[in-house]
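This is what each chain is made of:
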Amino acid sequence: MDLSLMNKEQKKAIQSTEGPLLIMAGAGSGKTRVLTHRVAYLLEDRGVPARNILAITFTNKAAREMRDRVSALITEGTQDMWISTFHSMCVRILRSNINHLGYENSFSILDPTDQKSVVKDILKRRNLDPKQHNPRNIIGFISDKKNQLIRPEQSIAEAAAYPDTLYSEMYHDYQQILYRNSALDFDDLIMLTIELFDKEPKVLEYYQNRFQYIHVDEYQDTNHAQYRLITQLAEKYRNICVVGDSDQSIYKFRGADISNILNFEDDYPEAVVIKLEQNYRSSKNILDAANAVIENNTERKPKALRTERDGGPKLQNIVADSERGEAEEVVGNILDLADKYSHSEMAILYRTNAQSRAIEDTFVKSNIPYKMVGGIKFYDRKEIKDLMSYLKVILNPNDDISFERIINTPKRGIGPKTVDKLKAHGQTTGISIFESIKESDFIGIPKTAVVKLMGLVDLLEKLAQKSKFITITELVDEVLESTGYLEVLESEKTIEARSRIENLEEFKTVTREFDRDNEISDELLFTFLSDMALVSDQDGIEDDGGVTMMTMHASKGLEFKVVFVVGLEEGIFPSRRVIYDDKELEEERRLMYVALTRAEDHLFLSRANSRMIFGKTESNMQSRFLSEIPESLVEGGGAFAQGDANTGSGLKKRTPKRSRIVTNNSGVSFAIGDKVEHKKFGEGIISAIKGEGDSQELDIIFNKVGIKRLLANFAPIEKKE
DNA sequence: CAGATTCGAATTTTT
DNA sequence: TTCGAATCTG
């Protein structure tokens, strides 16, 4: 293996193959290169058989890339090597072993929408109001428990007070329903694999022997369950190599536990620790800015990225009037740079998907090609989910969750009352909806509905027969035709319906690709659905030119020559919800760090003096993260001086910048940053202005009582100075 | 039962 | 603002 282009640390990381290894890899430090070379080195120089190597990533895309890059480095094939995500690894293990836990090996995998319908069902059955108990919170609760490897019984036993006691009961219901449907959610995949290993030491030992060399990428994002799983697998050989950067941990809200990486050396006292601090991506100015920001986090291991690149252009500060103006500034700068960089080398990063709208509109108007990552997901679209549900039911008629979705889609006159009766019957007898239909004659369902239900059952059974002899693409066509799904859409003649048909067509490019790689067999549909359950839209981002638009979260692991970070305002980024929680604020700062370190050459930081949020105009102070960047690194207006500075691009003249001014009854005007005196609360400073007219509100940070939101017109306040 | 209308909630989310 | 879901009406 040729390692001559590697630096000292990288070489050491590649060659330390025996025993535990922690690689602390800063942003842009060539982490992926190290990982791929390490695997190749194991294969070629150490003669480790491919089948004894495991590499775990978080995304399918990352897994695919890793396999490709390893393949490019070595002569033999990589088919025997497991390079996969946590989830697909667990699916593979569970498909052959889950019978030990009482589930069918043909288990189906629930997506978040399915989860939601299960929870709503539970709420209904318990006569609870979904408004009082947001299904999202309940799903979140269940997910948390599973990530902590807490089973329903234990959760019930441990629940101390009200909502937890109820939620634990619902967790119990939920798990029971899933079990009866032989369905697993994403968290189950991990939790049940661990349970399997605990229960069946022989199975665990088989995989321990198989995976003698284990690699885990993005280790800072592992949750407790994933940590346990890795610990189990690595216990025997202890050749465990984890790679990560605690400064880039931005998924705590999903259960990621940063202490996994921080405590690695305690778990494996013999561990070798290697720091990769040489950055090969960003210019010095960008890196200095990122380092300056992240240094404000108190809970971190000190680490500073170095670069040999020169300063490069200064960071550009953009202050616009509105989100519209902000978008126009971005476009102006893109046009300026268009002769030096292609569109696909540029990206716009924002905190929330909602912020993409103004930018997208402006892009359309300016004819700038773009691609948007995330937002409304392809596989979340109704038509795709409907189709998938048909396929799932064809494979597994007892999948009630999917069956309920399609029982009256397209409309075939089977209403909620009928469905309720079927479900009730199923509940008392313990059989599925599909089976219940066969007895529908006897459970008080009107004759007309019975006929329709029988017709549906008949159709599905025919499709199930056929599915064994045709390709998935043919099956999809068959479903769309025979159910009348396509017909209904075609007769609608709306733009909406048109786009749904297009999406279904798009789906068929996926099935065609699958059909190309797979032979027709009675396992075909099973294989297809298993594959599909774990793919995400992130996988399909292909480079067809165009500026990338995405959330900062989605940008992790990517790099661009030119990066725009937009919406740098208090309340937007950092998000309003975390401002008073130091821990969460630090996570938010790590997100800023991730965003900044995506940039190679040019970095633009922008904000708007006011913007529409949920239909209301709001003004916010500049983000504290901006103030954390040394002014010497920044250009454009008065850099980050409070509440001032105009655009950096001289291209377009924006309306002269002015903070929004509001007036109260006495005719006094207020702007962000003004000091005020309140009759009761004392001295304070205005931090945000929301809304218009009489309902206009001021957020004021008072020295004594903290932040208060007051009506500008009526609050007893006076401007100071 | 199905379409129309009103109501209310609204980060981030690799699988 | 914009989405989905609950509620109302024919």
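An account of the accompanying structure is given in this report. As the structure is a computational prediction, the values presented were derived from the model and not from experiment.

## Remarks on the environment of Glu323
Here is step 1: Mapping Glu323 onto the fold places it in helix α15 (residues 323–337).
Here is step 2: Classification of Glu323 as buried rests on a relative accessible area of 17%.
Here is step 3: Sequence separation of Glu323 and Ser606 is 283 residues, and the distance between their C-alpha atoms is 9.9 Å.
Here is step 4: Sequence-distant contacts of Glu323, defined by excluding residues within four places in its chain, comprise Ala358, Ala608, Ser610, Arg611 and Met612.
Here is step 5: For Glu323, the side chain forms a polar contact with the main-chain nitrogen of Met612, separated by 3.2 Å.

## Observations concerning the pairing of strand β2 (residues 53–57)
Here is step 1: Of all the five residues making up β2, five are buried; the element is thus mostly covered by neighbouring parts of the structure.
Here is step 2: As paired elements, β2 and strand β3 (residues 82–85) share four bridges and run parallel to each other. Note that in β3 the partner of Ile56 across the bridge is Ser84.
Here is step 3: With helix α3 (residues 60–73) bridging β2 and the parallel β3, this β-α-β connection has right-handed handedness.

## Points about the environment of Glu478
Here is step 1: Its location among the elements puts Glu478 in helix α22 (residues 472–482).
Here is step 2: Taking the relative accessible area as the measure of exposure, Glu478 reaches 26% and is therefore partly exposed.
Here is step 3: Each C-alpha atom of the pair Glu478 and Leu463 lies 7.8 Å from the other, and the pair is 15 residues apart in sequence.
Here is step 4: When sequence neighbours within four positions are dropped, the list of residues in contact with Glu478 reads Leu463 and Lys466.

## Some details on the sheet that holds strand β6 (residues 213–216)
Here is step 1: Spatial strand order, β3-β2-β6-β7-β1-β8: six strands in an open sheet with parallel pairing. Looking at the sheet topology across the chains shown, the edges are occupied by β3 and β8 (272–276). Averaged over all neighbouring strand pairs, the angle between strand axes comes to 15 degrees, with direction disregarded.
Here is step 2: Relative to β3, α3 is tilted by about 160 degrees, and along the sheet it contacts β2 and β3.
Here is step 3: The strands that helix α4 (residues 86–97) touches are β2, β3 and β6; relative to β3, the one it contacts most, it runs at about 115 degrees.

## Section: the protein's contact with DNA strand C
Here is step 1: In the neighbourhood of DNA strand C, the contacting residues comprise Lys116, Lys120, Arg357, Phe614 and Gly615.
Here is step 2: Among atoms of DNA strand C positioned within 4 Å of the protein, sugar and phosphate together represent 50%.
Here is step 3: Separating a base oxygen of DNA strand C from a backbone N or O atom of Phe614 is a distance of 3.5 Å.
Here is step 4: Of the residues that constitute the surface near DNA strand C, the class distribution is one nonpolar, one polar and three charged.

## Re the pattern of salt bridges
Here is step 1: Applying the stated rule across the entire model yields 43 salt bridges.
Here is step 2: The residue Asp185 makes a salt bridge to Lys146 at a minimum N-O spacing of 2.7 Å. Of this pair, Asp185 sits in the loop between β5 (183–184) and α9 (186–199) while Lys146 sits in helix α6 (residues 135–147), and the two are 39 residues apart along the sequence. Each of the two residues, Asp185 as well as Lys146, counts as buried.

## Let's talk about the state of the cysteines
Here is step 1: Tallying each qualifying case throughout the model produces zero disulfides.
Here is step 2: As a non-bridged cysteine, Cys90 has Cys241 as the owner of its nearest cysteine sulfur, 19 Å distant.
Here is step 3: Assessed through its relative accessible area of 0%, Cys90 is described here as buried.

The rules behind each value
- Residues numbered from 1 in each chain as written.
- Chains lettered and ligands numbered in written order.
- Predicted model: local features only at pLDDT ≥ 70, side-chain atom pairs only at ≥ 80, totals over all residues.
- Heavy atoms only, no water.
- Helix = DSSP H or I, 4+ residues; strand = E, 2+ residues; numbered from the N terminus.
- Buried < 20%, exposed > 50% of the residue type's maximum accessible area, 1.4 Å probe, protein only.
- Contact = heavy atoms within 4.5 Å.
- Polar contact = N/O pair within 3.5 Å; in protein donor to acceptor, adjacent residues only side chain to side chain.
- Pairing = 2+ DSSP bridges.
- Right-handed = clockwise from strand over helix to strand, strands pointing away.
- Axes fitted to C-alpha atoms, helices over the stretch in contact; angles between N-to-C directions.
- Near = heavy atom within 4 Å.
- Nonpolar A, V, L, I, M, F, W, Y, C, P; charged D, E, K, R; others polar.
- Salt bridge = Lys/Arg side-chain N within 4 Å of Asp/Glu carboxyl O.
- Disulfide = S-S within 2.5 Å.

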